[in-house]
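Tertiary structure, described
Now for the letters of each chain:
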Amino acid sequence: MSDSFDVIVIGAGPAGYHAAIRAAQLGLNTACIDKSLGKDGKPAYGGTCLNWGCIPSKALLDASHKYAEARDHFADVGIGVSGLSLDVPRMIAHKDQVVSKLTGGIAGLFKANGVTGLPGTGKLLANRQVEYRPHEGEGRMLQAAHVILAPGSVPVSIPPAPIDDELIVDSTGALEFQSVPERLGVIGAGVIGLELGSVWNRLGSQVVVLEALEDFLPMADQRIARDALKLFQGQGLDIRLGTRVMGAKKKGGAVEVSYQDKEGDHSLTVDKLIVAVGRRPYTEGLLAPDSGVNLDERGFLFVNDRCVTDAPGVYAVGDVVRGPMLAHKGMEEGIMVAERIAGQKPLVNYDTVPSVIYTHPEIAWVGKTEQALKAGGEAYNVGSFPFSVSGRALAANDTEGMVKVLADAKTDRVLGVHVLGPQASELIAEAVIAMEFDACAEDLGLIMFAHPTLSEAVHEAALGVAGHAIHMVNRKRK
Ligand code: FAD
Ligand code: AMP
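In this text, all values refer to a predicted model and were calculated from it rather than measured experimentally. (Residues numbered from 1 in each chain as written. Chains lettered and ligands numbered in written order. Predicted model: local features only at pLDDT ≥ 70, side-chain atom pairs only at ≥ 80, totals over all residues. Heavy atoms only, no water.)

1. Focus on the site of ligand 1
Among the 38 residues in the neighbourhood of ligand 1, the closest are listed as Asp-34, Ser-36, Thr-48, Lys-58 and Asp-319. One nitrogen or oxygen atom from the main chain of Gly-122 is found 2.9 Å from a nitrogen atom belonging to ligand 1. Within the contact set of ligand 1, an oxygen atom lies 2.8 Å away from a backbone nitrogen or oxygen of Ala-327. Out of a free accessible area of 1000 Å², ligand 1 has 95% covered by protein chains. Residue composition of the shell around ligand 1, grouped by class: 17 nonpolar, 16 polar and five charged. (Near = heavy atom within 4 Å. Polar contact = N/O pair within 3.5 Å; in protein donor to acceptor, adjacent residues only side chain to side chain. Areas by Shrake-Rupley, 256 points an atom, 1.4 Å probe, with all protein chains shown as cover. Nonpolar A, V, L, I, M, F, W, Y, C, P; charged D, E, K, R; others polar.)

Take a look at the structure:
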């Protein structure tokens, strides 16, 4: 094998493997180094997302949702279930099968596209030299015309609750429980804490979520966040805002968690504790001192809006650079960089990155929140539509939540769309398309939507901006 490449990518998570495949599609001689190993100890491309993130969490969210539906809601529509049972190891095994199918799929795509997959560790030296250390055997020096750094992120740990991978776990450990903990503590009511808390709550755990902030989901539209909080509390998630965890001590096979709130000091005993307090860029061992790549003040690799680092010919994409830590944001950055290396001129539109929280109902949004528009003094109109009057949501017995469309008061341009409801993760795609094409709320109102569908709620909310939604009484009619 040659030691010289047009492109070397370090990291085969969503950002890195998209970059590598696109570069190879464009005729560039590309290698991708990744050090992740699957549960079987074999190289597993796909990074956090496929191995310990997006995909395994969704496998457990979907499975636990099916179980909770059968237990709590099938009777509503005349379906009796007797002898409903839960086989947690089987559920985890299903999740593992999905993961290995997909990680194997990336290896297959590398092969099919001519990407040289190099399992092991990569380190960037000066002048785009890369030191490659395979999992076994001798390391060697590689040379590239262009290097793309995509090493991703790892969970943040906090001194009061050190991970022991048994009773106190991070998000990776929380995907591996072999039985349902009777009492489960979750530190952090962010996206990951809520998703993992929901899985185990649906399967029967009593879940307490401790969140230091007073506001629930401050990055989401606050109307949506308020409604979601009530719904999640109704599902049994005991979400305690304004509570800061101060310590976690193991005691007789359980964990005693001490925390503070406005009223003083408290403690709580749980069988397992999930620490979900965020993720940090992962750069350990990545850069030689003379690599020329710099970090920003928060430890992310410093890049411009085209993902170019301070070192000539070196780019960085995904969780390791500024912006939301989301797989699809990294994918688009990876593709942009590969295409720019090949001489094309694409850009990533960071204003239309969709966010999703895969609870039930799901929360999804794109663009600005109402509180951000208010804070920025921007004049806007709002249209909203509740799923409680959507024919399709009623037919599906899944009526919680709403769609909210925010549009510029002068130009009617869509500024933000927020969905709390069934399949919000799918519905948000049409809002992203609308915003990407600079649509007005009126444009969305003029488009024909199939009936009966959940997406009609987006249509109606858009019509509501001008006050003429059909299936609700409008306050302002024009
Ligand atoms: P990563 O996926 O972290 O991949 C980086 C890869 O590089 C890893 O394989 C790592 O081992 C390897 N690597 C690092 N350093 C080196 C080195 N020096 N040499 C060789 N290899 C190296 N995002 C979503 O958009 N949707 C979701 O639903 C979602 N759910 C999530 C659920 C959970 C529980 C978690 C933890 C995360 C979730 N995320 C989700 C976030 C998502 O996983 C990340 O945004 C995404 O994986 C980042 O992609 P990346 O390619 O930048 O890095
Ligand atoms: P995210 O970054 O979206 O994954 O969310 C992590 C959440 O954890 C944030 O909302 C933090 O406020 C919260 N958090 C961080 N440290 C603590 C702590 N010691 N106690 C309770 N919550 C915390």
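2. Considerations on a nonpolar patch on the surface
Taken together, Val-77, Ile-79, Val-81 and Leu-84 make up a surface patch of nonpolar side chains, about 310 Å² in accessible area. Position of Val-77 among the secondary structure elements: in the loop between helix H3 (54–72) and helix H4 (88–113). (Patch = residues over 30% accessible without salt bridge, like charges linked within 9 Å, V, L, I, M, F, W, Y side chains within 5 Å. Salt bridge = Lys/Arg side-chain N within 4 Å of Asp/Glu carboxyl O. Helix = DSSP H or I, 4+ residues; strand = E, 2+ residues; numbered from the N terminus.)

3. Observations regarding the sheet that holds strand S17 (residues 355–357)
What the five strands build is an open sheet, ordered S17-S18-S21-S20-S19; its pairing is antiparallel. The open sheet has two edge strands, S17 and strand S19 (380–386), and neither has a second partner. For this sheet, the mean angle separating the axes of adjacent strands, direction not counted, is 10°. Against the sheet, helix H12 (residues 456–465) engages S19 and strand S20 (402–408), with an angle of about 145° to S19. (Pairing = 2+ DSSP bridges. Axes fitted to C-alpha atoms, helices over the stretch in contact; angles between N-to-C directions. Contact = heavy atoms within 4.5 Å.)

4. Quick look at the sheet that holds strand S12 (residues 254–261)
Pairing in this open sheet of three strands is antiparallel, and the strands run S11-S12-S13 from one edge to the other. In the strand order of this sheet, the two ends are held by strand S11 (244–251) and strand S13 (264–270), each with one partner. Pairwise comparison of adjacent strand axes, ignoring direction, gives a mean angle of 20° for this sheet. Sheet topology note: the S11/S12 ladder contains seven bridges and is antiparallel.

5. Quick notes on the site of ligand 2
Taken together, 15 residues lie near ligand 2, and Gly-188, Glu-211, Ala-212, Thr-243 and Val-245 sit nearest. Starting from 510 Å² of accessible surface for ligand 2 in isolation, the protein chains cover 75%. Among the elements of the structure, strand S9 (206–211) and S11 are those that each provide at least two residues to the shell around ligand 2.

6. Brief notes about the packing of helix H1 (residues 14–25) against helix H7 (residues 327–341)
Where H1 meets H7, the closest approach of the two axes is 7 Å, and the angle between their N-to-C directions is 30°. Between H1 and H7, the interaxial angle falls into the category roughly parallel. Between H1 and H7 lies a crossing of right-handed hand. Counted together, Pro-14, Ala-15, His-18, Ala-19, Arg-22 and Ala-23 of H1 and Ala-327, Gly-330, Met-331, Gly-334, Ile-335, Ala-338 and Glu-339 of H7 form the full contact between these two elements. Each residue belonging to the contact of H1 with H7 can be placed in one class, and the counts come to eight nonpolar, three polar and two charged. (Parallel < 35°, antiparallel > 145°, perpendicular 65-115°, else oblique. Left-handed = near helix turned anticlockwise from the far one by under 90°.)

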